[in-house]
Each structure stands twice: as C-alpha cells, then as structure tokens.
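Report on the structure
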Number of protein chains: 2
Amino acid sequence: MILVVSLNPALDVTHHVAGVDWSGVNRPHEVAAAPGGKGLNVARTLRALGGDVRVAGLAGGVTGEAVRAGLAEAGVPGTFTPIAGETRRTFAVVDQHRHDTALFNEPGPTVAGGEYDEFLVLYEKSLGGCAAVVLSGSLPPGVPQDAYAGLAARAAAAAVPVVLDAGGPALRHGAAGGPAIAKPNLAELAAAVGRPLAGLAAAAGAAAELRAAGARAVVVTLGGDGLLAVTGDGAWRAAPPAQTAGNPTGAGDAVVAGLAHGLVLGRPWPERLRHAAALGAAAAAAPAAGQFAAADYRRALAGTQVTEWQDG
Amino acid sequence: MILVVSLNPALDVTHHVAGVDWSGVNRPHEVAAAPGGKGLNVARTLRALGGDVRVAGLAGGVTGEAVRAGLAEAGVPGTFTPIAGETRRTFAVVDQHRHDTALFNEPGPTVAGGEYDEFLVLYEKSLGGCAAVVLSGSLPPGVPQDAYAGLAARAAAAAVPVVLDAGGPALRHGAAGGPAIAKPNLAELAAAVGRPLAGLAAAAGAAAELRAAGARAVVVTLGGDGLLAVTGDGAWRAAPPAQTAGNPTGAGDAVVAGLAHGLVLGRPWPERLRHAAALGAAAAAAPAAGQFAAADYRRALAGTQVTEWQDG
C-alpha cells in the first residue's frame, strides 16, 4: 500500500464562464467541485493506475467534509485527523472565450500543535503496512516547516521509502529526512539552492546538492521538456513527445504518482522515468488535475525517449 | 414574528486580492464566507433592527450545512427542509487595487417536487404565529415559477401580509397571490410589464399595472434616487441624502427589511418609506450585504425626504 500524506487538502471549485466580466455579475454555465491539493491529485492518479493507495491528512469544517466525501466517491480510502480550522478552497475561473484561467488559492487553516501530534500518531500506525510514502504539497500554517523531514525520517526508520514533492523550505528541510526521491520543478529547485538555474547542467548541479543534503535521488520536472533525474545509479533525461498546452499542476502530480508507482514495482530507473514522464504528458492533456486518458498515456509511453545524461 | 422565505440560499465566499492576475495564480490575503442570498440578507437586517425573525427555506449538502451554521452564528433561527442537491455558492473577487468586484453566481441545485411539497408543509405550519411573510430572491430550478403566488395566497388565507421581492416571472406570477407590498427595482418592474420604463411617470404606470394584477402596494427602488411607492392610500417618493457608491444588492435587501418592519409596526406609509429608504442608503455604504452601521442609518433617516407624488 502507498500512503499519500495530504496536510493541506483543498476543495477545488471550478467555474466555467463564457466571456468573464471582471467588474460585473457572471453566471457560470458549468460548476465543478472536487477534492484537490497536490497529495489528493497524486492519490487519484495512483488509484487510476490500479495502485493500492490510502490518504492520511488533516481536514476540518464543512469544506473538510466535502473533501472526505469527494475522495470516498473517487474510490480512494482516506483517514483525516479532524482540525478545528476550516479546510481551504481553491477557486478557478475558466474563461472559455479567452481560453484563460484565473486561480484563487485560499491559504489553508491554522493547525494547532495538538492536532498535528494526533496526525503523527495516525501516521506512525499507518507506516506498518506501507510499500512507500508520498509527501506532497504545501504545509498549512501551524505545521512546522521541517515537518516533511520528520515524516521522512519516521518512514526511513520503518524502512519505507519516501517520494517528496514540495517547494521552498519544506523541500530544503525535507531532503534532510533522507527521501528515496525528491521531485522539485525547476523553480522549486532554484529556490531550494538559492540561485537561478540556467540550463540542464546547472539543474544537475543543484540536484547533486540536494542529494548531498540527504535525498537519495532527485527528479526535476522541466515542464513540457520532461524530466532530469540524478540518482545513485546514474543520471537520465526523459523527453515526452511534443506536447499540446495543458494543465501544469496536474502534470507534476502525475509524475510523482508515476515515480511512486515505479518505485513500488521495482522498475529500473530508465523504465520508471519513462512511465513517469509519459503520465505527466497524459495528465497535462487532461481537463482536471488527478485525471488522464489511458489512450494518451499509452501514446506518450511509446513516444517518450529516455537517455543517459552526462554533464558537458 | 416575521417569516423570511429563502428557497435558494447561498454561501457567499469573498476573496480580497491586491491586484488580480486574471490569467494566473492569486493568493487572496483575506477570505470571508457568510450565508447569503437575498432572503438571508433581509433576515439579518431585520435581526439587526431588533425584529423577531425566522427563516424557512431549502438547503442541501455541505454548503447547505455551512449556510445553516452561519445563520445560527448570526443569531437568526432558521428551519431548512433538506434537499438532495447541493446548496449553491457565490464567489466575489474584490480587487483592492482597481476597486473592482467580479461576482460569480452558481445557479442553485435542482429541487425535487417531493422536497418542495415537504417545504410547503413546514411553511403552512409556520404561518400560525406570523405577523408578516417576506418572499425574497430567485427560485432554484425545479420549484414552479408561480411558487411565490402560491405562498402569497396561502399567507393571505391565514391573514398574514406578504412582502414580495422578486424579478421576472416570479414577480409577475407572485403579484397574482395578492401581496401587501411588491418591491421590484426599475429593471425588474420593466421586465414584469414587458417594456422599457423611462421616467417616474412610466414607473408609476407600470406599478399601477402590478397593483391591478393583485399587488396591494408597489414600492419601486430607484438605486441612489430612493423609492417610488404606489399604494391604495396614495403615492410617494422617498429620496435619501446624496449617496456614496456602494453595495446595490445589500441596499435593495435592506429596503425590503425596512418595509416589512414598518408593515409589522403599523407605521403609516410616509414614515415606513422614510425608514426603508434610509436603511437602503445605510446598507449601500456597508461592506457586505445584510449589514449596516447604526450611525449611517440615523444620519440617512434625518436626511431622507418623503413627498407625495402626483403624475404630471
């Protein structure tokens, strides 16, 4: 079983509007609401791959109830430690005339120390039957910035490998917990090492630094250009076929799901990366995060090239 | 007790953003969520006036739960008949740099016939202890377009006067139920009689038609220009002092609350209109619908002129 940790889940509300009036009253012709946040997108993708997946997280208020209910409806079992604060919403306005999307992300509730301690008890118990843990997404206010380091260290103590997907301080601290794979995008990697990264060689150098800080492998997502992986067994580039414009959030989460799935299946790195990059490409083409079409996945898998990468 | 009917309540979510990126990711620095929909705004204003008020309506899903909880928190008792559909949200994005607000109003859940029948049983029971009924706001899909006519007729049979605030077919049909007061704005009145209305004389003529159709008095809101009332006792204009730009939804709902309050207190028409217009002006100056500052109300009351109105 793969345990996906989602400390700051969200209810993603999407309004489809034909020609938005940004200073007036709009009547969306289509409204969708689904559980979101990066962790839940990863969990749904793993579920769609046929993986045995379970979510552990924090949820509160009626929005937390909506997240619980929506996840159960999607067939993903989850245990959320109750919190007094109200789980956040994200609100997307899709303008179908201008092909433009505006996103409004609420910050998330403040979590009390005792609430996070309760979550830790649940998390430790869940590690028993785990093949891998995925730590993904932002930390809500009140959860310590080095929380992912603690969760990764607890998993390492139970001999459970961790896939870490986070940015900023959560990534920097998290690497110290010794995750099997850290997956930043280029901007997150640059923020973690504290300098701009121009070109693949600079990215590979920064990935090596993250490995020196504790991560056993680093997979960098490069948007439409695929992946760069720096591991103890070597370094690789995975390039998917030419992409259409798509959903970048969904793509990154699908790569994480692909990496966790390949890790649990014991796929060698080149094959693991080929699947992860293809899943990312298929998810970028899907309308909502956490979804992909099986035909797109198969097509991308056939078209993805994995090559050994050498500096210079 | 004044019974306020709210068949299509909403959870009003407001995001305050400093400089919106309409094609990117925004992080609102302030998020508010409160029960809304016109009926609930009227109920909160009546509560703030010290009125004995109760809400009856339809609510479903976790958003319905949020509406129930928020209303109880505001000190307004309410009974909502449960429905299988999910109560709607409205989203307001307030751009604090451009002083612009974009509103996104979800359509509301489809109500099943049996659910509306259950509501009718609750409504009939509630009429016993009623001094007045307020019928306010849109009808959700599935509720018959002449629902307000039926509710008004039932109230009339129980000798309970009705204040009707609706637009379009709901207003046209509702007038036939014999409400004590119908309160359209100018656009709603024009839609009800099926022609544009230029000038006060045209509005008074259309109001007289609505009276002929069954409404015993018609009070037309004229935005910042106050009210025009056509009643069996005469016709009046109520003009509040010069206004600052404000919240037009809140203003109309406050006028309805003022009219219902004055009706129950037995205030003569000129005094009733003076209070209603002043409440509207005070509510227009408040940041959110259903609110007003007592000092603004007192000031507007002193400055509002009520004059008899005569055609020509």
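Preceding this paragraph is the structure being described.
Report follows, based on the coordinates. (Residues numbered from 1 in each chain as written. Chains lettered and ligands numbered in written order. Predicted model: local features only at pLDDT ≥ 70, side-chain atom pairs only at ≥ 80, totals over all residues. Heavy atoms only, no water.)

**Notes on the overall build of chain A**
Looking only at helices and strands, chain A has 10 helices and 15 strands in total. Taken against the 2.2 N^0.38 rule, which gives 20 Å for 312 residues, the C-alpha radius of gyration of chain A at 19 Å falls within 12% of a compact globule. Each principal axis of the C-alpha distribution contributes one length, and for chain A these read about 55 × 45 × 40 Å. In chain A, once contacts between residues fewer than 6 apart in sequence are set aside, the share between residues at least 24 apart is 65%. For chain A, the accessible area works out to roughly 11900 Å², and carbon and sulfur atoms hold 53% of it. The positive charge centre, built from 22 side chains, and the negative charge centre, built from 25, are 4 Å apart in chain A. (Helix = DSSP H or I, 4+ residues; strand = E, 2+ residues; numbered from the N terminus. Rg over C-alpha atoms; globule rule 2.2 N^0.38 Å. Contact = heavy atoms within 4.5 Å. Areas by Shrake-Rupley, 256 points an atom, 1.4 Å probe, with all protein chains shown as cover. Lys, Arg positive; Asp, Glu negative; His and termini not counted. Charge placed at Lys NZ, Arg CZ, Asp CG, Glu CD.)

**Re the pairing of strand S5 (residues 53–59) of chain A**
Residue and element names in this part refer to chain A. Within S5, 6 of the 7 residues are buried, leaving the element largely enclosed by the surrounding structure. Bridging between strand S1 (residues 2–6) and S5 involves 5 bridges; their strand directions are parallel. The residue of S5 that forms the bridge with leucine 3 is arginine 54. Of the pairings in the sheet, the one linking S5 to strand S6 (residues 78–82) comprises 5 bridges and is parallel in character. Counted as the bridge partner of alanine 59 is proline 82 from S6. At this point the chain moves from S5, through helix H2 (residues 61–73), to the parallel S6, and the crossover so formed is right-handed. (Buried < 20%, exposed > 50% of the residue type's maximum accessible area, 1.4 Å probe, protein only. Pairing = 2+ DSSP bridges. Right-handed = clockwise from strand over helix to strand, strands pointing away.)

**Topic: the nonpolar core**
Counting residues in each nonpolar core, the largest one holds 88 residues, and the members touching the most others are A:Val4, A:Phe104, A:Leu273, B:Val4, B:Phe104 and B:Leu273. For B:Leu273, the residues in contact, after removing those within four places along its chain, are B:Val219, B:Leu227, B:Ala229, B:Trp236, B:Ala238 and B:Leu259. (Core = buried A, V, L, I, M, F, W, Y, C linked by side-chain atoms within 4.5 Å.)

**Some points on the interface of chain B and chain A**
In this complex, chain B contributes 29 residues to the contact, which on the side of chain A involves 29 residues. Between chain B and chain A the total buried area reaches about 2300 Å² when both faces are included, carbon and sulfur atoms providing 64% of it. When the buried area of chain B at its contact with chain A is split by residue, B:Trp22, B:Phe104 and B:Asn105 rank highest and sum to 26% of it. For the pair chain B and chain A, the interface holds 0 salt bridges. Here chain B and chain A share 10 residue pairs in polar contact (both at pLDDT 80 or more) between them. (Buried area = accessible area lost by both parts, 1.4 Å probe. Salt bridge = Lys/Arg side-chain N within 4 Å of Asp/Glu carboxyl O. Polar contact = N/O pair within 3.5 Å; in protein donor to acceptor, adjacent residues only side chain to side chain.)

**Notes on the pattern of salt bridges**
Residue and element names in this part refer to chain A. Scanning the entire structure with this criterion turns up 20 salt bridges over all chains. Glutamate 65 serves as the salt-bridge partner of arginine 68, at 3.0 Å between the closest nitrogen and oxygen. Within this pair, arginine 68 and its partner glutamate 65 are both found in helix H2, separated by 3 residues, close to a single helical turn. With relative accessibility at 26%, the residue arginine 68 sits in the partly exposed group. Taking relative accessible area as the criterion, glutamate 65 reaches 38% and is therefore assigned partly exposed. Here arginine 274 makes a salt bridge to glutamate 271, at a shortest N to O gap of 3.2 Å. Pair noted here: arginine 274 and glutamate 271 are both in helix H9 (residues 269–284), with a separation of 3 residues, about one helical turn. Residue arginine 274 is classed as partly exposed on the basis of its relative accessible area of 23%. In the salt-bridge network here, residues are joined through shared partners; they are Lys38, Asp165, Lys183 and Asp253.

**Quick word on helix H5 (residues 168–175) of chain A**
Helical geometry note: an α-helix holds 3.6 residues per turn, so side chains three or four residues apart project in the same direction. Residue and element names in this part refer to chain A. Burial in H5 covers these residues: Ala170, Leu171, Gly174 and Ala175. The arc that holds the buried residues of H5, viewed along the axis, is 120°, so those residues lie on one side. Residues of H5 that are buried in the fold lie against helix H4 (147–157), strand S10 (162–165), strand S11 (181–182), helix H6 (186–193) and helix H7 (200–212). (Arc of directions from axis to C-beta.)

**Focus: the packing of aromatic side chains**
Inspection of every chain in the model, using the stated rule, returns 12 aromatic pairs over all chains. Relative to B:Phe119, the ring of B:Tyr116 has its centre 5.9 Å away and its plane inclined at 25°; by these criteria the two rings are stacked. Linking B:Tyr116 with B:Phe119, this pair stays in helix H3 (residues 113–126), spanning 3 residues, or about one helical turn. Relative accessible area serves as the criterion here: at 6%, B:Tyr116 is assigned to the buried category. Between B:Phe292 and B:Tyr297, the ring centres sit 5.6 Å apart and the planes meet at 80°, which makes this aromatic pair edge-to-face. Judged by its relative accessible area of 18%, B:Phe292 falls in the buried class. Among the aromatic side chains, those forming a connected cluster through ring pairs are A:Trp22, A:Phe91, A:Phe104, B:Trp22, B:Phe91 and B:Phe104. Sitting over the face of the ring of A:Trp269, A:Arg272 holds its NZ or CZ atom 4.4 Å from the ring centroid. (Phe/Tyr/Trp six-rings, centres within 6.5 Å; stacked < 30°, edge-to-face > 60°. Lys NZ or Arg CZ within 6 Å of the ring centre and 35° of its normal.)

**Observations regarding empty space enclosed by the protein**
In this approach a probe as big as a water molecule rolls over the atoms, and the regions it shows empty are the leftover space. What the rule picks out here adds up to 3 cavities of 30 Å³ or more. One number sums up the size of the largest cavity: a volume of about 90 Å³. Lining the largest cavity are A:Leu11, A:Val62, A:Thr63, A:Ala66, A:Glu86, A:Arg89, B:Leu11, B:Val62, B:Thr63, B:Ala66, B:Glu86 and B:Arg89. Elements with a contribution of two residues or more to the lining of the largest cavity: H2 of chain A together with helix H2 (61–73) of chain B. Within the lining of the largest cavity, the residues separate by chemical class into 6 nonpolar, 2 polar and 4 charged. (1 Å grid on protein atoms, 1.4 Å probe; cavity = no way out; pocket = protein on both sides within 12 Å on 5 of 7 lines; lining within 4 Å. Points joined across faces, edges and corners; volume = space filled by probe spheres on them. Nonpolar A, V, L, I, M, F, W, Y, C, P; charged D, E, K, R; others polar.)

**Quick word on the pairing of strand S13 (residues 227–231) of chain B**
For a regular strand, side-chain orientation follows a simple rule: the groups alternate between the two sheet faces. Residue and element names in this part refer to chain B. Counted residue by residue, S13 has 5 buried out of 5 residues, so it is predominantly covered. Neither face of S13 is left uncovered, since the one carrying Leu227, Ala229 and Thr231 and the one carrying Leu228 and Val230 both have all their residues buried. In this sheet, S13 lies alongside strand S12 (residues 218–221) in antiparallel orientation, the contact comprising 4 bridges. Residue pairing in the sheet places valine 219 in a bridge with alanine 229 of S13. Note that S13 and strand S14 (residues 234–239) share 5 bridges and pair antiparallel. Counterpart to leucine 228 in the pairing with S14 is arginine 237. Adjacent in sequence and paired antiparallel, S13 and S14 are bridged by 2 residues.

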